[in-house]
Amino acid sequence: MKTSRRGFTLTELLVTLGIVAALAAISVPVGLSVHRKAQRAACLSNLRQIGMGLESYLQDHGQVLPEWQAGRRSKNEDVPVMETALLPYVGSEEIFHCPADKTEFARSGCSYLWNTTQGGRHRTRLEFFGSGGDPRRIPLVIDKEAWHPGEPGANFLYADLSASSKVSFGVNE
């Protein structure tokens, strides 16, 4: 006479739990890595859109870079800053929010800093630490903090309006 077996044995249950735990241990770090890479990509996309807004701004203002403050301490501070001046050109405040930023955007309205050393200069007369005016080496906008893993941990919008996580500027000797 055959007896029907109901349920799992303890061995089967322990093997199943071990497999689930192993898969979780593998997938959580991979998932976090993918999430951080997605945040970096979204941040670079934001910087590219800021670059497009800045291009429109420059066309409207004779190719002269604005004299904005690097940033503001709070949204209530009334100073000329990138996020308020470029808002009509980009259409959304969210463009100024890096997804990896959990504090600065809520406090100040922007996750990025403006390079004040270039304010008031004509687009063709830029210079940064002796870079000789090469727009590929002059950062205009940078993450306020190193929110992204790896070196340098920040993204940049350069004067040629390219966005990158690579440091392309330095001091010439």
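In what follows, the structure referred to is the one given above.
Conventions adopted
- Going along each chain's sequence as written, the residues are numbered from 1 onward.
- Local features in a predicted model are, by the rule used here, given only for residues with pLDDT of at least 70; side-chain atom pairs are given and counted only at 80 or more, and totals for whole chains, interfaces and linings are based on all residues.
- The side-chain values count all of the structure's non-hydrogen atoms but skip hydrogen atoms and water molecules.
- Helix and strand labels come from DSSP, where a helix needs a run of H or I of at least four residues and a strand needs a run of E of at least two; each type is numbered from the N terminus.
- Taken over C-alpha atoms, the radius of gyration is set against a globule rule of 2.2 Å times the number of residues to the power 0.38.
- Remark: exposure states derive from per-residue accessible area (1.4 Å probe, protein chains only) relative to the maximum for the residue type, with buried under 20%, exposed over 50%, and partly exposed in between.
- For accessible areas, the Shrake-Rupley method is used with a probe of radius 1.4 Å. Any residue's cover is judged against the shown protein chains and nothing else.
- Asp and Glu count as negative and Lys and Arg as positive, but His and the ends of the chain are not part of the count.
- Here the site of a charge means NZ on Lys, CZ on Arg, CG on Asp, or CD on Glu.
- The patches reported here contain residues having more than 30% relative accessible area and no salt bridge. Joining distances are 9 Å for like charges and 5 Å for nonpolar side chains (Val, Leu, Ile, Met, Phe, Trp, Tyr).
- Just to be clear on terms, a salt bridge is a Lys or Arg side-chain nitrogen sitting within 4 Å of an Asp or Glu carboxyl oxygen.
- Definition used in this section: a nonpolar core is a set of buried Ala, Val, Leu, Ile, Met, Phe, Trp, Tyr and Cys residues joined via side-chain atoms within 4.5 Å.
- Between N or O atoms, a polar contact is any pair within 3.5 Å; within protein, one atom must be a potential hydrogen donor and the other a potential acceptor, and residues adjacent in sequence are included only when both atoms are from side chains.

Enquirer: Give me the lowdown on the overall build of the protein, citing residues and values where you can.
Expert: Secondary structure summary: the protein contains four helices and four strands in total. Counting helices and strands in the order they occur from the N terminus, the protein gives α-α-α-α-β-β-β-β. Computed over its C-alpha atoms, the radius of gyration of the protein comes to 24 Å, more than 25% above the 16 Å expected for a compact globule of 173 residues. Along the three orthogonal principal directions, the C-alpha set of the protein runs to about 95 × 40 × 25 Å. Burial statistics for the protein: of 173 residues in total, 34% are counted as buried. Looking at the protein as shown, the accessible area adds up to about 10400 Å², and 58% of this sits on carbon and sulfur atoms. In the protein, which carries 19 positive and 18 negative side-chain charges, the distance between the mean positions of the two groups comes to 11 Å.

Enquirer: Before we move on, can you summarise the environment of N76 with the specific residues and values?
Expert: By the secondary structure assignment, N76 is in the loop between α1 (10-60) and α2 (82-85). When its relative accessible area of 73% is taken as the criterion, N76 is described as exposed. Taking C-alpha positions, N76 is 9.3 Å from R107, a pair spaced 31 residues apart along the chain.

Enquirer: Can you tell me about a nonpolar patch on the surface, naming the residues and giving the values?
Expert: A contiguous nonpolar patch, built from F8, L10, L13, L14 and L17 and spanning about 580 Å² of accessible area, is present on the exposed surface. For L10, a relative accessible area of 61% puts it in the exposed group.

Enquirer: Can you break down the pattern of salt bridges residue by residue, with the values?
Expert: One pass over the structure, following the stated rule, counts six salt bridges. With its nearest N and O atoms 3.1 Å apart, the salt bridge here joins E83 to R72. Of this pair, E83 sits in helix α2 while R72 sits in the loop between α1 and α2, and the two are 11 residues apart along the sequence. A network of salt bridges, in which partner residues are shared, links E104, R107 and K144.

Enquirer: So what's going on with the nonpolar core? Residues and values would help.
Expert: Proteins that are soluble and globular tend to have nonpolar side chains buried together. Counting 30 residues, the largest nonpolar core has I50, L54, M82, Y112 and V141 as the members making the most contacts within it. Elements represented by at least two residues in this core include exactly α1, β1 (112-114) and β2 (139-143). In terms of residue count, α1 provides more of this core than any other element does, seven residues in total.

Enquirer: Please provide a residue-by-residue account of the side chain of D101, values included.
Expert: Relative to the helices and strands, D101 resides in the loop between α3 (87-90) and α4 (104-108). K144 provides the closest opposite charge to the buried, salt-bridge-free D101, at an N-O distance of 6.8 Å. Engagement of the side chain of D101 in a polar contact is seen with the backbone nitrogen of T103, the distance being 2.9 Å.

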